[in-house]
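For reference, the chains in residue letters:
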Amino acid sequence: MSAAPLPARRAGVVGWPVGHSLSPTLHRAWIAAAGLDADYGAFAVSPEEAARALTSLPESGLVGVNVTVPHKAAALAVAHDATGRAKRIGAANLLTVDAQGRVHADNTDALGFLDGLMRAGADAAGPVVVLGAGGAARAVTAAIADAGCDDVRLVNRTRARADELADLAQGLGMGAAAYDWAGASAALAGARLLVNATSLGMAGAPPLPSLELSRLAEDAAVYDLVYVPRETALLTAARLQGLTAIEGLDMLIGQARPSFEAFFNSAPPESVDARALLTGAAPSHASVALAGEPRMMTVGLTGSIGMGKSTAARMFADAGVPVFDADAVVHELYAPGGAGAAAIAEAFPAARAADGGVDRAALRTIVQADPQAFRRLEAVVHPLVARERREFLARARRRGVDLVVLDIPLLFETGGEEGMDAVVVVSASPEVQRRRVLGRPGMTPDALDAILARQVPDAVKRASADYVIDTSGSLLGTRLQIARILRSLRRRAQWRRAGPRPERGAA
Ligand code: NAP
């Protein structure tokens, strides 16, 4: 098994917040299926930092980024050049960096919108009603102009913005009329496509006011750009009316395809069922920063039994990184006088040791035989470990530390990867793992198999990791991998903090 170098091509999504973004899940699945030496992350950049962070993209080591709310206009502004499409829309959701360090802007939202439309067998011949006049509505307006629409009706709460968009639409060769919400019903009459490009109906936003869908043409399609929830009230109403319903997820996937090609010079593999993947996907490795709070990267470190996690944790600590060792914390809690000893003795009297601490062997026997007991133990221990962890993080923040490592043995098994900025998995070949574990006193092949059966398989952990440390080789080799990972993490952290403005060329 070879050591794990940094991925050759790295990209990501920039937004505020960005933890909800489904893009990392999708791009990583495509990367894995295509067998690419690449990665795709999520970067939380606040509105105050956006211009400087995006301007310093060429120094980030990334080949490009997708840009989401609320930075799409800023993305266009920092680029050295932009496609006509992005200029027409006035916003960019894709920035790529060329070999000369020049930043190119594009807008693939329009392409994604058309992709969803075509996959549903619908067209944009018109009349088309667009609800909203923000960035998404502009992308839709440009897309339907490209697709041959000649009649667009723009409905928006703020009438002046609908008027502005109508001007843009007319400039693109379409007949356009602007309405406020009071005029929505009139706008719907005979329309063959209705698009919700407002944020109404989105989880956490107010509902979309009910619309007289019966006024639409009989063969009309209703396209909701909102994709959380996937089945919006508007789409359900459209289905009940017998109309074609098109989900926002289709546009999301459609905009990601050309982005993937631009980043990785490779088409997204058809073998990935993107829709099925995203339907069940929850955001992971979320890096949502709180406004005004200095960023400290939290890096989860994990690995199966015998993989060398403790060695790797020690090496991170040697490199000056504060390490939270969940196992050591549990040991301390169980020690005589420890914060957990009394609570555990009360819950499990048979596990009280003579010295007042916890008899770990007795406790293990109790909980292995009884799942209820295991849950009771977790209910006692988890809050105590969580408190220690909060205090550890608070201390590190007070010290102005840029990066901490949280060494958590069952990170994936407990869903602990949520909220980590990055996850490092320590791994080794199965042969090396068995040799190490079976060398431990009292360990048998059956006992090892039983432990492994309870853990997330190593291959899955590796596939879910941002970085993999392979400890099959020498200690020096492991140390070098850790140094490389730290350099990469710090570049990411620095870039997120909006690095210095780079020297720009003549453009
Ligand atoms: P935006 O620029 O902030 O525009 C928001 C729009 O919603 C504006 O027209 C705004 O009207 C309207 N709106 C917001 N709150 C409202 C309220 N309470 N009552 C009436 N109208 C209200 O956002 P955006 O970037 O265009 O995104 C709009 C939606 O499209 C979001 O839900 C986003 O998630 C979705 N989207 C989906 C995809 C995809 O791939 N599926 C891609 C891009 C966007 P005013 O002008 O009056 O403020």
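Worth saying up front: this structure is predicted, and the values here are computed from it rather than measured.

### Side note on empty space enclosed by the protein
All chains considered together, the criterion is met by three cavities of 30 Å³ or more. Quantified by volume, the second largest cavity comes out at close to 60 Å³. Taken together, Arg10, Ala11, Arg28, Asp39, Tyr40, Gly41, Phe43, Leu62 and Arg492 make up the full set of residues lining the second largest cavity. The set of elements that each furnish at least two residues to the lining of the second largest cavity consists of strand 1 (9–15) and strand 2 (38–44). Element by element, the count of residues in the lining of the second largest cavity is highest for strand 2, at four residues.

### Focus: the layout of surface pockets
Within this model, the largest pocket holds a volume of roughly 2100 Å³. In this structure, the largest pocket is lined by 48 residues; those nearest its centre are Asp327, Arg360, Pro409, Leu410 and Gln455. At the level of secondary structure, the elements contributing two or more residues to the lining of the largest pocket comprise helix 12 (309–318), strand 14 (323–325), helix 13 (326–334), helix 15 (360–369), helix 16 (371–398) and helix 18 (445–454). Ranked by residue count, the leading element in the lining of the largest pocket is helix 16, at eight residues. When its residues are assigned to classes, the lining of the largest pocket shows 23 nonpolar, twelve polar and 13 charged.

### With respect to helix 1 (residues 23–34)
Residue pairs spaced three or four apart in an α-helix point in one direction, given the helix's 3.6 residues per turn. In a regular helix each residue adds 1.5 Å, so twelve residues correspond to 16 Å; helix 1 covers 16 Å between its end C-alpha atoms and thus fits that length. With nine of its twelve residues buried, helix 1 lies for the most part within the structure. Every buried residue of helix 1 is listed here: Ser23, Pro24, Thr25, Leu26, His27, Arg28, Ala29, Trp30 and Ile31. Buried-residue contacts for helix 1 involve strand 1, strand 2, strand 3 (64–67), helix 10 (248–264) and helix 11 (274–279). Immediately beyond the C-terminal end of helix 1, within one or two residues, lies Gly35, with a positive phi of roughly 65°.

### Quick word on the packing of helix 13 against helix 16
Relative to each other, helix 13 and helix 16 sit at 115°, their axes nearing to 10 Å. Considered as vectors, helix 13 and helix 16 are oriented roughly perpendicular to each other. The handedness of the crossing between helix 13 and helix 16 comes out as right-handed. Listed contacts from helix 16 to Val329, Val330, Leu333 and Tyr334 of helix 13 are Leu377, Val381, Leu384, Val385 and Glu388.

### Considerations on the confidence of the model for the protein chain
This prediction gives the protein chain a mean pLDDT of 87; 93% of its residues lie at or above 70. Counting interchain partners and residues more than four positions distant, the pLDDT-below-50 stretch residues 282–294 has 34 contacts. The low-confidence segment residues 498–507 (pLDDT under 50) makes 18 contacts with residues lying over four places distant or belonging to another chain.

### Here's the deal with the pattern of salt bridges
As enumerated under the stated definition, the model contains 21 salt bridges in all. Here Arg257 ties to Asp115 by a salt bridge, and the two come within 2.8 Å at their closest N and O atoms. With a gap of 142 residues between them, Arg257 in helix 10 and Asp115 in helix 5 (residues 109–119) connect regions that are remote in the sequence. Asp115 shares its class with Arg257; the two are buried. Residue Asp407 pairs with Lys309 through a salt bridge whose shortest N-O separation is 2.6 Å. Of this pair, Asp407 sits in strand 15 (residues 403–407) while Lys309 sits in helix 12, and the two are 98 residues apart along the sequence. On the basis of relative accessibility, which here comes to 10%, the residue Lys309 falls in the buried class.

### Here we look at the sheet that holds strand 17 (residues 467–470)
The strand order across the open sheet built from five strands is 14-15-13-16-17, with neighbouring strands paired in parallel fashion. Pairing within the sheet leaves two strands with one partner each, and these edge strands are strand 14 and strand 17. Adjacent strand axes in the sheet meet at a mean angle of 20°, parallel and antiparallel pairs treated alike. Note that strand 14 and strand 15 share three bridges and pair parallel.

### Side note on the sheet that holds strand 9 (residues 175–179)
The strand order across the open sheet built from six strands is 9-8-7-10-11-12, with neighbouring strands paired in parallel fashion. Each edge of the open sheet is held by one strand with a lone partner, namely strand 9 and strand 12 (244–246). Each strand axis lies, on average, 15° off the axis of its neighbour in the sheet, ignoring direction. Relative to strand 11 (residues 221–224), strand 10 (residues 193–196) is paired through four bridges, and the arrangement is parallel. Pairing of Leu193 across the sheet is with Ala221, part of strand 11. Contacting strand 10, strand 11 and strand 12, helix 5 runs over the sheet at an angle of about 140° to strand 11. On top of the sheet, helix 6 (residues 135–146) reaches strand 7 (128–131), strand 8 (151–155) and strand 10; it is set at about 165° to strand 7, its chief contact.

### Regarding the pairing of strand 16 (residues 422–427)
For a regular strand, side chains alternate in direction, first toward one face of the sheet and then toward the other. Taken across its six residues, strand 16 has six buried, putting it largely inside the fold. Pairing between strand 13 (residues 297–302) and strand 16: four bridges, direction parallel. Bridge assignment links Val299 to a residue of strand 16, and that residue is Ala422. Bridge count for strand 16 against strand 17 is four bridges, and the pairing is parallel. Looking at the pairing, Val425 lines up with Val468 of strand 17.

Rules of the game
Residues numbered from 1 in each chain as written. Predicted model: local features only at pLDDT ≥ 70, side-chain atom pairs only at ≥ 80, totals over all residues. Heavy atoms only, no water. 1 Å grid on protein atoms, 1.4 Å probe; cavity = no way out; pocket = protein on both sides within 12 Å on 5 of 7 lines; lining within 4 Å. Points joined across faces, edges and corners; volume = space filled by probe spheres on them. Helix = DSSP H or I, 4+ residues; strand = E, 2+ residues; numbered from the N terminus. Nonpolar A, V, L, I, M, F, W, Y, C, P; charged D, E, K, R; others polar. Expected span 1.5 Å × (residues − 1). Buried < 20%, exposed > 50% of the residue type's maximum accessible area, 1.4 Å probe, protein only. Contact = heavy atoms within 4.5 Å. Axes fitted to C-alpha atoms, helices over the stretch in contact; angles between N-to-C directions. Parallel < 35°, antiparallel > 145°, perpendicular 65-115°, else oblique. Left-handed = near helix turned anticlockwise from the far one by under 90°. pLDDT = per-residue confidence, 0-100. Salt bridge = Lys/Arg side-chain N within 4 Å of Asp/Glu carboxyl O. Pairing = 2+ DSSP bridges.

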